[in-house]
Amino acid sequence: MSKETTEWLNTMTLIGFEEKRGKAWHYRSESQGAESNHYSEAIPVADVLRRLFNFQVIESPLYIPDGQGGFSEVPGRKAMVTDDTRDVMGVFKAGYLGHQYPEWLLDGPAQIIDASAGELGIGSAGLLKNRAVAWVSIEVPDSVITPEGVEFRPNLLAATSFDGSMATTYKRVNQLTVCDNTLAVALGEQGQVFRVKHSSGSNLKLGEAREALSVIYSMADEFAAEVAKLTTWKVTTREFDLVLDALVPVPEIPAGKNASRGNTMAVNKRDALKNLWVNDVRVSPWKGTAFGVLQAFNTYEHHVANRKGGAHRAQVNMLRAVDGTTAAADALVLSTLAGVTN
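Only a predicted model underlies this, so the values are computations on that prediction, with no experimental measurement involved. (Residues numbered from 1 in each chain as written. Predicted model: local features only at pLDDT ≥ 70, side-chain atom pairs only at ≥ 80, totals over all residues. Heavy atoms only, no water.)

Caption draft 1: Main features of the side chain of S60. As for its position among the elements, S60 is in strand β2 (residues 57-65). In this view, S60 contacts K78, A79, V81 and R86; residues no more than four positions away in its chain are not counted. (Helix = DSSP H or I, 4+ residues; strand = E, 2+ residues; numbered from the N terminus. Contact = heavy atoms within 4.5 Å.)

Here is the structure:
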């Protein structure tokens, strides 16, 4: 089963709080398998264990042909292999330490958040890249609506990998309800992410994690304050064009030459961003503000931009949220905007 298929998204990801938020965009009834991947309320931990995290990744020695009809073990190297299908997740040096999904993505967040926060629940969970990457999102049931009409839900995103693509990561993020775009709590704020490397002796230091991440409840106030600041930051059409000039420049076409592929791509991206800014319900309500500019670029990356190698958009968006790519891109947009409006 390919990680890029609709069938994968409908069987290897779980979506909670359907009664409050509706179905995920990828929902296809014919691809649901024996049971739906959508839940009316929070996803039970037992179902995440049964349906997703129902395997272990174990260490295995590596061998190479010895030239005499046998095999010799490769010193100082090991493979991380699933115990059910024997799929190789990755090959590492001897000091690599795998972080099992149940322990690090279910037990870890529960201890960071504190069990007394009873109304929190699992809003989504899933496996990506042929099960080599996994995530769990701990969320509040109800979305928050700011006075400016921005509806979002704060959550703690926990993710890890067995292919070397990321450290185990706990990250405070917000999902915008109207489009499911991921935004950082406050773009200039430090301490939104806590990472643990896959090295021998690594462990989750709960005190440090809590201090770095704070709690989910504080995220709503912090993000609402950020939205208020960005929606009162006025941006003219001319200033929006200047941001486009800085971030999406159109290469000049030499005399007597046809437009290059780079030229065509830049023009198409600018046209798409302008259309989002003016006409798209995910952006246009905040046209003329910094929040609208941010939404235009963020929505383009989440829902419009082509993905290299045919990677599924849902996979790319999740990985960009975890590894900091999305937050860095948002910060670049706002710093560029500051340069043309000040």
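Caption draft 2: Structural detail: the packing of helix α8 (residues 261-279) against helix α9 (residues 290-304). For the pair α8 and α9, interaxial distance at closest approach is 9 Å and the crossing angle is 120°. One finds that α8 runs oblique with respect to α9. Considering how the two elements wind past one another, α8 and α9 form a crossing that is right-handed. Here α8 contributes K269, A272, L273, L276 and W277 to the contact with α9, which in turn contributes G292, V293, A296, F297, T299, Y300, E301 and V304. Classifying every residue of the contact of α8 with α9 by side-chain character gives nine nonpolar, two polar and two charged. (Axes fitted to C-alpha atoms, helices over the stretch in contact; angles between N-to-C directions. Parallel < 35°, antiparallel > 145°, perpendicular 65-115°, else oblique. Left-handed = near helix turned anticlockwise from the far one by under 90°. Nonpolar A, V, L, I, M, F, W, Y, C, P; charged D, E, K, R; others polar.)

Caption draft 3: Inspection of the pairing of strand β8 (residues 151-161) at higher detail. Burial of β8 is extensive: ten of the eleven residues sit out of reach of the surface. Where strand β7 (residues 144-145) folds back onto β8 in an antiparallel hairpin, the turn is made up of five residues, including G149, whose phi is positive at roughly 85°. Across eight bridges, the pairing between β8 and strand β9 (residues 168-176) is antiparallel. Within β9, the residue paired with R153 across the bridge is Q175. Two successive antiparallel strands, β8 and β9, enclose a turn made up of six residues, where G164 displays a positive phi of approximately 85°. (Buried < 20%, exposed > 50% of the residue type's maximum accessible area, 1.4 Å probe, protein only. Pairing = 2+ DSSP bridges.)

Caption draft 4: Quick peek at the environment of F92. In this structure, F92 sits in strand β4 (residues 88-93). Between the C-alpha atoms of F92 and D245, which are 153 residues apart in sequence, the distance is 43 Å. Beyond its immediate chain neighbours, meaning those up to four positions away, F92 contacts G76, R77, K78, M80, F162, D163 and G164.

Caption draft 5: Inspection of the pattern of salt bridges at higher detail. Inspection of every chain in the model, using the stated rule, returns 16 salt bridges. The residue R131 makes a salt bridge to D84 at a minimum N-O spacing of 2.9 Å. In this pair, R131 is assigned in the loop between β5 (121-128) and β6 (133-139) and D84 in the loop between β3 (71-82) and β4, connecting sequence segments 47 residues apart. Residue classification places R131 among the buried residues on the basis of a relative accessible area of 10%. (Salt bridge = Lys/Arg side-chain N within 4 Å of Asp/Glu carboxyl O.)

Caption draft 6: Up close: the nonpolar core. With 38 residues, the main nonpolar core has V48, F53, L127 and Y170 as its most contacted residues. Elements with a minimum of two residues in this core: β4, α4 (101-113), β5, β6, β8, β11 (193-196) and α5 (206-213). In terms of residue count, α4 provides more of this core than any other element does, six residues in total. Here F53 is in contact with V48, Y101, P102, L105, L106, L127, A134, W135 and V136, once residues within four sequence places are set aside. Of all hydrophobic cores here, the second largest spans 30 residues; its members include V150, V227, A266 and V333. (Core = buried A, V, L, I, M, F, W, Y, C linked by side-chain atoms within 4.5 Å.)

Caption draft 7: Looking closely at α8. With 19 residues, α8 extends 26 Å from end C-alpha to end C-alpha; this agrees with the ideal 27 Å at 1.5 Å per step. On the buried face of α8, the contacting elements are α7 (237-247) and α9. (Expected span 1.5 Å × (residues − 1).)

Caption draft 8: Quick peek at the sheet that holds β4. The antiparallel open sheet is built from three strands, whose spatial order is β2-β3-β4. Both outer strands of the open sheet, β2 and β4, are each paired with one neighbouring strand and no more. Geometrically, the sheet is characterised by an average inter-axis angle of 40° between neighbouring strands, direction not taken into account. Inspection of the sheet shows β2 paired to β3 by eight bridges, in the antiparallel sense. In the strand pairing of β3, E59 is matched with M80.

Caption draft 9: Structural context of unusual backbone geometry. A positive phi angle, close to 55°, is found at N130, a residue other than glycine. Here N130 is to be found in the loop between β5 and β6. Overall, the relative accessible area of 36% leaves N130 in the partly exposed class. Despite not being glycine, R131 has its phi angle at roughly 75°, a positive value.

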